[in-house]
Amino acid sequence: MKKLTVYLSQLITLLLACFISFSALSEPKQRVISLSPANTELAYAAGLGDNLIAVSAYSDHPEQAKKLEQVSDWQGVNVERIIALKPDLILAWRGGNPQRPLDQLASFGIPIVYFDPQTIDEVIDAVNELSQYSPKPELAQQNVDAMRARLTPYQPPQKTNVKTKKVFIQLGTQPLFSAGNHTLQNDVVKFCGGENIFANSAVQWPQVSREQVLTRNPDVIIMTGSAEQENVVRDFWHSQLDVPIIRLNEDWFHRAGPRIIDAAEQLCGQLNALSN
């Protein structure tokens, strides 16, 4: 009986500690660090912009993010500097930040939340999740509602006689890559009514051959970049693949942030125009 009493006492203490820890994590944060450009944009959308004290390289939107100190880039995460800045929340990128420095930061008791949205809905959910740490949760809710409202006109009808466009998402030329299933880019294409020709790939970012693309016979190519890069893509295919090219804004299409809604509007509008 005594052992049971001790066990129950320890269990209650543990549960209380977990509750206190969870409550502390959920309260508004004052010193936030973002470790990816997409997370930086998510933070601003959630009303945490004024509470950001440092960001990653290439965090260039919105404009005020450019003024913040950078503590991570493609080479890694500056653990020492982050500790010195005494953040009360870190927004990590599960698909891009190395895990070891994040484990080091967690060992110092710094709360870390991870984001790596693979769908449009998951991007919107990320803003909603961040609202619990925001001193302006009403702004987060406004932005969530606005994003969903902007998508409404493009929701696909239950039945349609329009032929689905087969889409090749082209990433580079030498080597030639594409986006497979379980990627945000594939989800945007699917949302807009297109069919990604490499959606059945076993990997997220398949390296593909010219022959594989031609065999799948896409109706349209999607790419990002400048007009000059579009010309490079046209020259790459010559007369082998004479199909329309849709050129999207690179940051909109490749960042898992709120501007994925801009990418969806841009792509849906152009795909719909090709179908008419």
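What you see is a predicted model, and the numbers here were worked out from it, not measured in a lab. (Residues numbered from 1 in each chain as written. Predicted model: local features only at pLDDT ≥ 70, side-chain atom pairs only at ≥ 80, totals over all residues. Heavy atoms only, no water.)

**What about helix 4 (residues 99-107)?**
What counts, and what does not: For the exposure calls, accessible area comes from a 1.4 Å probe over protein chains only, and a residue counts as buried if that area is under 20% of its type's maximum, exposed if over 50%, partly exposed in between. Each helix is a run of DSSP H or I of at least 4 residues and each strand a run of E of at least 2, with the numbering of both proceeding from the N terminus. As used here, the arc belongs to the directions running from the helix axis to the C-beta atoms. In what follows, a contact means two residues having at least one pair of non-hydrogen atoms within 4.5 Å.
Every buried residue of helix 4 is accounted for by Pro101, Leu102 and Leu105. Here the buried residues of helix 4 occupy an arc of 100 degrees about the axis, which is enough to place them on one side. Set apart from the buried face of helix 4 by more than 90 degrees, the exposed residues are Arg100 and Ser107. In this structure, the buried residues of helix 4 make contact with strand 4 (76-77), helix 3 (79-85), strand 5 (89-93) and strand 6 (112-115).

**Here's the deal with the packing of aromatic side chains**
Selection criterion: Classification of ring pairs uses Phe, Tyr and Trp, with its six-membered ring standing for Trp, and accepts pairs whose centres are within 6.5 Å; under 30 degrees between planes counts as stacked, over 60 as edge-to-face, and the remaining range as tilted.
A complete count under the given rule lists three aromatic pairs for this structure. Ring centres of phenylalanine 168 and tryptophan 237 lie 6.2 Å apart, and the angle between their planes is 85 degrees; this geometry places the pair in the edge-to-face category. In this pair, phenylalanine 168 sits in strand 7 (residues 165-169) while tryptophan 237 sits in helix 9 (residues 227-237), placing the two residues 69 residues apart along the sequence. For phenylalanine 168, a relative accessible area of 0% puts it in the buried group. Judged by centre distance (4.9 Å) and plane angle (90 degrees), the rings of phenylalanine 236 and tryptophan 237 are edge-to-face. Looking at phenylalanine 236, the relative accessible area reads 13%, which means it is buried.

**What about helix 2 (residues 37-45)?**
Each α-helix winds once per 3.6 residues, and so residues spaced three or four apart point in a common direction. Helix 2 sits mainly inside the fold: nine of its nine residues count as buried. Pro37, Ala38, Asn39, Thr40, Glu41, Leu42, Ala43, Tyr44 and Ala45 are the residues of helix 2 that are buried. Close packing links the buried residues of helix 2 with strand 1 (32-34), strand 2 (52-56), strand 5, strand 6, helix 5 (120-130) and helix 6 (137-151). At the C-terminal side of helix 2, glycine 47 shows a positive phi close to 85 degrees.

**Observations concerning the environment of glutamine 185**
On the secondary structure map, glutamine 185 appears in helix 7 (residues 184-191). Looking at glutamine 185, the relative accessible area reads 4%, which means it is buried. Put simply, glutamine 185 and histidine 254 are 69 residues apart on the chain and 7.1 Å apart in space, counted from C-alpha to C-alpha. With near-sequence residues (within four places) excluded, glutamine 185 lies in contact with Ile169, Ala179, Trp205, Phe253 and His254.

**Quick word on the sheet that holds strand 10 (residues 245-248)**
Note the cut-off: Strands pair, by our definition, only if DSSP identifies at least two bridges between them. All axes here are fitted lines through C-alpha atoms, helices being fitted over the stretch that makes contact, and every angle between N-to-C directions spans 0 to 180 degrees.
Spatial strand order, 8-7-9-10: four strands in an open sheet with parallel pairing. Looking at the sheet topology across the chains shown, the edges are occupied by strand 8 (194-196) and strand 10. Along the sheet, successive strands turn relative to each other by an average axial angle of 35 degrees, direction set aside. Examined bridge by bridge, strand 7 and strand 9 (residues 220-224) share three bridges and lie parallel to one another.

**Let's talk about the confidence of the model for the protein chain**
For clarity, the threshold we go by: Every residue carries a pLDDT, the predictor's confidence in it, which falls somewhere between 0 and 100.
The pLDDT averaged across the protein chain works out to 90; a share of 88% of its residues lies at or above 70. Below a pLDDT of 50 lies the segment residues 13-24, which in the model reaches one contact outside its immediate sequence neighbourhood of four places, other chains included.

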